[in-house]
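# A structural walkthrough
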Amino acid sequence: MKQTLNFRKILLPLLMGTFLYASPAAETEKDALRTLPSHYNMIVAYYGRPHVKTMGILGEYPISTVIQKVKARARQYEKALGNGQHVTPGFDLIYEMATTSPGKDGKYVITLSEKKLMEYIHAAQENNMVLFIDVQLGKNSPAQAVKPLLKYLKYKNVHIAVDPEFSVDNLSVRPGKKIGSITGPQINAVQDLMSAYLRDNHIEEDKILLVHMFTENMVRDKKAIRYTKKIHLAMHLDGHGSPALKIKIYNGLYTEARAAKVVGGFKVFLKADHPVMTPRQVLGLEPVGKSRVKDMPKIITYQ
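Residues numbered from 1 in each chain as written. Predicted model: local features only at pLDDT ≥ 70, side-chain atom pairs only at ≥ 80, totals over all residues. Heavy atoms only, no water.

### Overview of the pattern of salt bridges
This structure, assessed with the given rule, holds nine salt bridges. Among the ionic pairs, K151 bridges to E114, the shortest N-O distance being 3.5 Å. One end of the pair, K151, is in the loop between helix 4 (142-146) and strand 5 (158-162); the other, E114, is in helix 3 (residues 114-126), with 37 residues separating them in the sequence. Among the residues examined, E114 registers a relative accessible area of 43% and is labelled partly exposed. The residue D200 makes a salt bridge to R199 at a minimum N-O spacing of 3.1 Å. Residue classification places D200 among the partly exposed positions, given a relative accessible area of 49%. Residue classification places R199 among the exposed residues on the basis of a relative accessible area of 56%. (Salt bridge = Lys/Arg side-chain N within 4 Å of Asp/Glu carboxyl O. Helix = DSSP H or I, 4+ residues; strand = E, 2+ residues; numbered from the N terminus. Buried < 20%, exposed > 50% of the residue type's maximum accessible area, 1.4 Å probe, protein only.)

### Focus on helix 6 (residues 243-253)
Among the eleven residues that make up helix 6, eight are buried, leaving the element largely enclosed by the rest of the structure. Among the residues of helix 6, P243, K246, I247, I249, Y250, N251, G252 and L253 are the ones counted as buried.

### Looking at the layout of surface pockets
Looking at the second largest pocket, its volume works out to about 150 Å³. Lining the second largest pocket, in full, are Y40, H86, T88, A124, Q125, N128, M129, V130, Y155, K156 and N157. (1 Å grid on protein atoms, 1.4 Å probe; cavity = no way out; pocket = protein on both sides within 12 Å on 5 of 7 lines; lining within 4 Å. Points joined across faces, edges and corners; volume = space filled by probe spheres on them.)

### Here we look at unusual backbone geometry
Note the cis peptide between H274 and P275, where omega equals -10°. With respect to the helices, strands and loops of the structure, P275 is situated in the loop between strand 10 (263-268) and helix 8 (279-282). A positive phi angle is found at K230, which is not glycine, with a value near 75°. Note on placement: K230 falls in the loop between strand 8 (219-220) and strand 9 (231-237). When its relative accessible area of 18% is taken as the criterion, K230 is described as buried.

### Quick word on empty space enclosed by the protein
This structure, assessed with the given rule, holds one cavity of 30 Å³ or more. If you add up the space inside the largest cavity, you get close to 50 Å³.

### So, helix 5 (residues 184-200)
Taking 1.5 Å as the rise per residue, helix 5 with 17 residues should run 24 Å; its terminal C-alpha atoms sit 24 Å apart, in good agreement. Along helix 5, the residues that are buried comprise G184, I187, N188, V190, Q191, M194, S195, Y197 and L198. Contacts from the buried residues of helix 5 go to helix 4, strand 5, strand 6 (182-183), strand 7 (207-213), strand 8 and strand 9. A positive phi of about 55° marks H202, the residue just after helix 5. (Expected span 1.5 Å × (residues − 1). Contact = heavy atoms within 4.5 Å.)

### What to know about the packing of aromatic side chains
The tally for this structure, following the rule as stated, stands at five aromatic pairs. Pairing Y77 with Y302 gives two aromatic rings, centres 6.4 Å apart and planes at 75°, and the pair type is edge-to-face. You can see Y77 sitting in helix 2 (residues 63-81) and its partner Y302 sitting in strand 11 (residues 299-302), a full 225 residues away along the chain. The burial state of Y77 is the same as that of Y302; both residues are buried. With a centroid separation of 5.4 Å and 65° between ring planes, the pair formed by Y250 and F266 is classed as edge-to-face. (Phe/Tyr/Trp six-rings, centres within 6.5 Å; stacked < 30°, edge-to-face > 60°.)

### Some points on the nonpolar core
One finds Y77, F91, L117, L131, Y152, L209 and I300 to be the most contacted residues of the largest nonpolar core, which totals 72 residues. Broken down by element, the residue count for this core peaks at eight residues, all from helix 2. Once residues within four sequence positions are removed from consideration, I300 is found in contact with M42, I43, V44, A45, Y77, F266, V268, V282 and L283. (Core = buried A, V, L, I, M, F, W, Y, C linked by side-chain atoms within 4.5 Å.)

Set out below in structure tokens:
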């Protein structure tokens, strides 16, 4: 039987390198690409894999219960903001889950059934929620993992997330043995696929490409990353640890300069963070001791 990973993310104080270097040409791209698509002010999503309790909230509860919980969480953030802005609830659904076994195709991933994926897409549609289709890669390149998902971009509420942690395409080990990485050109390749699909299918909505990271080295060759038409790139700090450490890493990875170039994301682990940060602390509206989030994240996920 295939065994799924229960690989814990560990936050480390790391080099404070730049996430995205923009060429002069890229600086002329629409300012809108540096924020969420215009119909979103902020997104709060619950993360996981259906029927896999170790991977997050979506595996712990039936879909109807998760919907109630994430809507309530979104209301907490609306209250914390206190400015009348709407916070959109959502799912961050693990579609391609890394495993310890290579499987028949040698890719080290188990793919969610289309039937189950569509159940979550339709539930999200009916409840005015977003859905990120999340891929953990294994031996697939980001483009290989995302290409079969492009057809789901026809749904207005669907976006894509890529998790480099479990990428072993350039490694000689199984997922979970080493922290994986992807490159700037690979991110560009995914953006190009998404943008071309939107263009060729006359889809008006902009889309989000969310890239998980909790170390600088999870995204290499950042200088190559560029803006791509209709694609809003987001970096998502998704490690667990103490609030002070999470804030230190987030502020180091997501500086004021980077906040002008990409959307920021922050992840809360309800079981692994001690203590769990409040919405006002996540948003930087209140400090945790002597630490404070400097640039407010726009995508917050819970596992």
